[in-house]
Every structure is written in C-alpha cells, then in structure tokens.
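# Fold and geometry: a report
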Amino acid sequence: MSTTPSSFEWEISARDISKKFGGLTALDSVSLSLRAGEVHGLIGPNGSGKTTMLNLLCGFYAPSSGQILMNSQDLTSLTIQERAFLGLGRTFQKPRLLPTLSALDNALLGAWIQTQSGFLATAFSLPFVRKEEEKLAELAKETLQGVGLGSVLNRPANLLDHGQQRFLEIARALVMKPKFLLLDEPAGGLTGNEILLLRDLIKVIKASGIGVLLVEHHTDFVFRICDRVTTFNVGKMIKHGTPNEVRTDAEVIRVYLGA
Amino acid sequence: MKYLSSKFTQLFIGILFCCSIPIWANDQYQIHIATLIGIYWILVSGLNLVVGFTGQLSIGHVGLLSIGSYAFAILAGKLGFDPYLAMLVSGCLGGLCGLMLGLPSLRLPGFYFAMATMAFSLIVNELVLAQGELTGGGIGLAGPLFPAPFESAIGFYYFVLAIATVFTWASLNIVRSMWGRALISIRDSEVAAQAMGVPIFKAKLIVFVFSGFAAGVSGALFASLQSYITPDTFVFELSLFFFVCIIIGGKGSILGPFLGTAVLTALPEIAAPLAKLGNLFYGLLLLIVVLVIPEGIGRLAEMLIQKIRPRLVQTEPMNPDFSKLTRTLANHEFKEGGQK
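A separate point is the overall build of chain A. Of regular secondary structure, chain A possesses 10 helices and 10 strands. The C-alpha radius of gyration computed for chain A amounts to 19 Å, which stays within 12% of the reference 18 Å derived for 259 residues, consistent with globular compactness. When the backbone C-alpha atoms are referred to their principal axes, chain A occupies close to 60 × 40 × 40 Å. Relative to all contacts within chain A whose residues are 6 or more apart in sequence, the contacts with residues 24 or more apart total 70%.

If you want it as structure tokens, here you go:
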C-alpha cells in the first residue's frame, strides 16, 4: 500500500501520548505516525479521543505525557503557530471561517506564514508589499479553482453552502503549503456527490506528497482511501493496520463497526 | 482588485469634498467643527483597527489622547520645541504608552481588557492633576499654534485634513492586506488564527501601538485646536464617545466609523437644542443602531438595497480542476528546500 520510498521524507510520530482532562483520561498511551504522501485514517466511536489526538498533534492541547516528533525535531512543547510554520495545516469539525470575508480572502489567510511584509511597510503600501500580495492572491486563487471554488471567489464565506465551506477550509490549509494536513471529519454534512469530490481531492493531495490524517465517521470512505487505519476506543488504540486488517478485526467490529 | 480600486476612489471623492468645506462653510465655527472631526478621526482611524478589526474593546484611548496633548503643550509651548517635531514626539510617546498599556493587558479576555484600558485613562487624568508643575494641574496649559500657513483656522483645517488622509490611507492599506485578514481572524475565530500561524498577542500589540501613535498625533493637534487644555477636557465620556463612533459605524468598516465620528461630532453642535442633550443623543443613537442596524451606519445603504431588491445567492456547483491543483501543489517549496 505504500508509495515510493523517496516521498517518505517527512514523518510525524506521536509516541505514548496520554492526555488527562482533570480526572478524565481522554487518551491513554497511544501512538500514531503520519508519513508524507500517505493517508492515515483515524476512526472510533464518539468520545474515543480522535479529535483530542488531532488537537494534540497541532498543538491545541499539550499532552500529559508522551512525545511528538517531526523527523528528529521535537514538537511537543512548540506553540500552534510554530507548528503551522513547520508545515502542519488543519481543518475543523465545524468550519472556522471569517464570515464576512470573501472565499478568496479566507483562503489567503492561509498564506500568512509566507508573508514577509511588516506592519509599517504594509501601512505605506510599499511596492514589494503589493507584489507579495499579488503573488499570494494568485496562489490562493489557483488553489480555490483547483478544489472547485473558482466560481465563488468573491462570495462572503457566510453565503457559501456547507460543502463549499468545508472545501474552502481545505483550500485555506493547502495555501499554507503544508507538509501534513489534518482533516477533522471533512465528510460531515456533505452530500453523496460532494463526498466523491472529497475523495478525489484527498487523492490529489496525497499524490502531491502531503501526509494526511483523516479523522472520520464515514467508515466506507475511510477504508476506501486510506493507506493505514487506526481505531481508538475510549482513549485506547485497539487496532492499527491496513484497511483490510482493520475492517476484519473482531474487536473493531464489536465496538465500532457492528456486525 | 476592482473592490480595492473602488475603495480608493471613495477616499479620493471624500477628500475632494472635504477640501471644499472651507469654501461653502458659513462661519469660522463650522470650520472649527470640521477640524475637530478630522482630529477625532485620526484617533478613531487607529482605534478602529483595534476595536473594529481586531475585536479588542479599548475604552481608554482618551488617556492616550491626553498624553499626546500634554506632551505637545509642554514641548511646543513651555519648552519652545518646533511644533512639527513636538507633534511627532507626541505621536511616539502615544505609541510608547500604548506599548506599556498593551503589554500587560492585551492578554486579558475582552471585558477585562476593557476595564484595564478604562483604569489607564482614569490614572492618566489623576497623574496630570498631580504633576501640577509640569502640566499646570487643574489650571491647564496653553496649546500653541502651528506656524504659518497653518496658523489660521482654514490653514490648520487643511493641515489636519492632510494628516487625516495619511492615516485613512494607511488603515485602508492595512485592512486590505495580509495584516487585515490576520486581524480579522483574531476577531472572528481565534482558533483559526492560531492554526494559520498568526501570532495573536504580537499582532494585537502592534496594532495597539499604532493606535497609540495615532492618538498621540491626534492629541497634539487637539491641543493646538483647543488652544487651552485642562484635565476637564479629557473626561472619560470622550473615550466612550470614540468607542461609540466605531460601534455606530460598524465593525470591519472604515467608512462607517468615519461617518460615525462626523455625525456624532457635528450633530449636537449644529442642532443647537440638542447640544445640552448630548449624552442623551449618543445614548439614543447607540440604542437605535444596536437594535435596528447592528451592522452599523456604514452598511445602511447596502442593507436598504438588499431589503428593496434582494439579491438571491445562487448555488454554484463545485467543479474542481484537479490537474490545476496538482500543478499548484507541485510548486510547494518544501519539496526543494525543506523548511525555511
């Protein structure tokens, strides 16, 4: 199931991660790795710690114990912003867009980490600022056209329908030029046709060498496009392997998939 | 791009109109009011980036205005500095005080930040009273005039207009740029801002310092216009006034808060019977705006058009262009050189 060896350049590995919220153990010594050019599915019942894991990877939570490495670099104590600079892009379970700004402006926010222009240079609209702005706008526009939002570039985000908002969030994360993309239930609320588009989109993202984490409830969808799948249940990992191995695992069927 | 150029066209027409005011104004007093609007707007244009775009509720900017005014009156009046230099120093001092206020307070959540800025403005006024030797205490200080050709009322008006134009232009540049998007992301979704790598505290601080600089410059011009300043000039109500100008104008707009400043400054003065009811008038207007047009008066026209002739939003089917996306993603830098 693996891709060519040369694309295994980047790897994130979370090792023996535990997370406690007060007396509640949300994650209990779980490990997970993401590799460039690979789609890793993370499934499990509600409350099994999937989103907690995603939040730990990109820094919204700090683990109670354990370590997160990107190649040899320790990410565990870095801020969310520092991890964004290192190449971690994400989307949210409920799209977090800037409602009054256009789709293009929303996607452009993803280009913040590439922006060199300082506040004063921007206030005086110096030529290099304008040049940079144009270059980034072009990148955002191409990305939006690529994901299928080319016809709504100037529409405010709050007037986009749900599926478009989900794709806009993915586009915004892609404008960051990430090494890894963490998708939190991207298929939630999408129509059948949109799910097919999403599947093709993830394939394109994977082919470009980005490593994808897919936290998702649509198990059909996950088994179809993932290279590896991990299953959580109440904060513990119960099975990790290829889609086929996971799909046929007795424990996974018992707690999650059903007979 | 089209939107951008139309914004600057609006600015240009606005400036032309403002240039014509001294020609058709009836008396000196109207020019005085127009100048006052310009001076208030310099402060509000900076504050607007803090309140309207970054969503940080500062109600203490009168303190920064006061610091700018006293710095100007002391430097240009008492110590005989060049007024232009004194104005620049006042601005920088305003920025510095903004930094000192922002450093401890900008990490506080909304309501507590507002309280910290309010406390700051009250402290400034007490300090001004206490440092009588420097500030003249309760008696106050004279605010010197600028040299010719800006010593006349009309000359000074054009001087203020020029500076206000620069601040308006600068804030337009900011809001239409990466910085504007970053500030709005702090206002609308802090988690999205963080995930995109926006340094929240640093960005808030930078924009707050900028607003302090604007308030300092505004204060210098204010001292010169009023010709005499006392602690009574810088009452806390003035701070609320600036804040209300932005709320009435609407968040995320520049035209709106400008109209807010102009209307709120001019109406009580022009409609004489209302002058005594100033605060009642602000309160009433604020209530109406918050209840009826929460988007602010800047969006009034837009809203009326939408009411009369609703523009239906069509659903556009998504038609991805995956070969284009593949090309775009292939240009990503990390493949060639790794991290920056």
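This part is about the overall build of chain B. Each helix and strand in chain B was counted, giving 17 helices and 2 strands. Here chain B has a C-alpha radius of gyration of 22 Å; the compact-globule value for 340 residues is 20 Å, and the two agree. Structurally, chain B occupies a C-alpha span of about 75 × 50 × 40 Å along its principal axes. Burial analysis of chain B (340 residues in total) assigns 45% to the buried set. A fraction of 77% describes how many contacts in chain B between residues 6 or more apart in sequence connect residues 24 or more apart.

Our focus in this paragraph is the sheet that holds strand β9 (residues 228-233) of chain A. Residues and elements named next belong to chain A. Pairing in this open sheet of 6 strands is mixed, and the strands run β6-β7-β8-β3-β9-β10 from one edge to the other. Each having just a single partner strand, β6 (88-90) and β10 (236-241) make up the two edges of the open sheet. For this sheet the average axis-to-axis angle between neighbouring strands, irrespective of direction, equals 20°. Bridge analysis of strand β7 (residues 180-184) against strand β8 (residues 211-215) gives 5 bridges, and the strand direction is parallel. The partner of L181 across the bridge, within β8, is V212.

In this section: helix α16 (residues 322-330) of chain B. Within α16 of chain B the residues assigned to the buried category are L325, T328 and L329 of chain B. Take α16 of chain B and look down its axis: the buried residues cluster within an arc of 95°, on one side only. Pointing more than 90 degrees away from the buried face of α16 of chain B are the exposed residues S323 and A330 of chain B. For α16 of chain B, the secondary structure elements touched by its buried residues are α5 (127-147), α6 (162-175) and α7 (192-207) of chain A.

As a further point, take the domain arrangement of chain A. Residue and element names in this part refer to chain A. In terms of domains, chain A is made up of domain 1 (1-87 + 178-259) and domain 2 (99-175). Between the C-alpha centres of domain 1 and domain 2 there is a distance of 27 Å. Taken together, the contact between domain 1 and domain 2 spans 11 residues of the former and 8 residues of the latter. At the level of elements, α2 (80-86) and α7 are the ones that each hand at least two residues to the side of domain 1 that touches domain 2. Residue classes in the side of domain 1 that touches domain 2 are distributed as 8 nonpolar, 2 polar and 1 charged.

If you look at the biggest cluster of nonpolar residues, it comprises 170 residues, and the most contacted ones within it are A171 of chain A together with I42 of chain B. By residue number, the principal contributor to this core is helix α10 (residues 200-226) of chain B, which donates 15 residues. Taken together, domain 1 (1-87 + 178-259) and domain 2 (99-175) of chain A each give at least three residues to this core, which thus spans both. The contact partners of A171 of chain A, leaving out residues within four places of it in the chain, are A107, T143, L144, V147 and L149 of chain A.

Here the focus is the environment of I254 of chain B. Mapping I254 of chain B onto the fold places it in the loop between α11 (236-249) and α12 (255-270). Residues I254 of chain B and S20 of chain B, spaced 234 residues apart in sequence, show a C-alpha to C-alpha distance of 21 Å.

We now examine the environment of T91 of chain A. Examined against the element boundaries, T91 of chain A turns out to sit in the loop between β6 and α3 (103-109). Separated by 33 residues in the primary sequence, T91 of chain A and F124 of chain A have C-alpha atoms spaced 33 Å apart.

All names here are of chain A. The 4 strands lie next to each other as β2-β1-β4-β5, forming an open sheet whose pairing is antiparallel. Of all strands in the sheet, those with a lone pairing partner are β2 (24-35) and β5 (73-74), marking the two edges. Pairing analysis gives 8 bridges linking strand β1 (residues 11-21) to β2, with the strands arranged antiparallel. Considered in β2, the bridge of A14 is made with L32. Where helix α1 (residues 50-57) meets the sheet, its contacts fall on β1, β2 and β4 (65-70), and the angle it forms with β1 comes to roughly 120°.

Residues and elements named next belong to chain B. The pLDDT averaged across chain B works out to 89; a share of 93% of its residues lies at or above 70. Every residue in residues 334-340 is under pLDDT 50, and counting partners more than four places away or in other chains gives 7 contacts. Interface confidence for the predicted complex, expressed as ipTM, amounts to 0.93; the pTM equals 0.92.

This part covers unusual backbone geometry. Of note, the amide linkage connecting A148 of chain B to P149 of chain B takes the cis form, showing an omega dihedral of 10°. Counting through the fold element by element, P149 of chain B comes out in the loop between β1 (141-142) and α7 (153-175). Within the chain, K177 of chain A stands out as a residue other than glycine whose phi angle is a positive 55°. Along the chain, K177 of chain A turns up in the loop between α6 and β7. In this structure K177 of chain A comes out as buried when scored by C-beta crowding, with 22 C-beta atoms within 10 Å. The phi dihedral of V234 of chain A is positive, around 35°, even though this residue is not glycine. Structurally, V234 of chain A is set in the loop between β9 and β10.

Glancing now at the interface of chain A and chain B. Taken together, the 55 residues of chain A in the interface contact 42 residues of chain B. At the level of elements, α2, α3, α4 (119-123), α5, α6 and α7 of chain A are the ones that each hand at least two residues to the side of chain A that touches chain B. Considering each element in turn, the side of chain A that touches chain B owes the most residues, 8 residues, to α5 of chain A. Considered class by class, the residues forming the side of chain A that touches chain B number 29 nonpolar, 17 polar and 9 charged.

Residue and element names in this part refer to chain A. With 5 of its 5 residues buried, β8 lies for the most part within the structure. Residues G211, L213 and V215 point to one face of β8 and V212 and L214 to the other, with burial holding for every one of them. Relative to β8, strand β3 (residues 39-43) is paired through 4 bridges, and the arrangement is parallel. When the bridges of β8 are listed, H40 appears paired with L213.

This brings us to helix α3 (residues 61-78) of chain B. Residue and element names in this part refer to chain B. For α3, spanning 18 residues, the distance from its first C-alpha to its last is 25 Å, which sits close to the expected 26 Å at 1.5 Å a residue. Counting buried positions along α3 yields 16 of 18 residues, so the element is predominantly enclosed. Once α3 ends, the next one or two residues include G80, with phi positive near 70°.

Cut-off values and rules
Residues numbered from 1 in each chain as written. Chains lettered and ligands numbered in written order. Predicted model: local features only at pLDDT ≥ 70, side-chain atom pairs only at ≥ 80, totals over all residues. Helix = DSSP H or I, 4+ residues; strand = E, 2+ residues; numbered from the N terminus. Rg over C-alpha atoms; globule rule 2.2 N^0.38 Å. Contact = placed C-beta atoms within 7 Å. Buried ≥ 20, exposed ≤ 12 C-beta atoms within 10 Å, placed from the backbone. Pairing = 2+ DSSP bridges. Axes fitted to C-alpha atoms, helices over the stretch in contact; angles between N-to-C directions. Arc of directions from axis to C-beta. Domains from an automatic or database assignment. Nonpolar A, V, L, I, M, F, W, Y, C, P; charged D, E, K, R; others polar. Core = buried A, V, L, I, M, F, W, Y, C linked by C-beta atoms within 7 Å. pLDDT = per-residue confidence, 0-100. Expected span 1.5 Å × (residues − 1).

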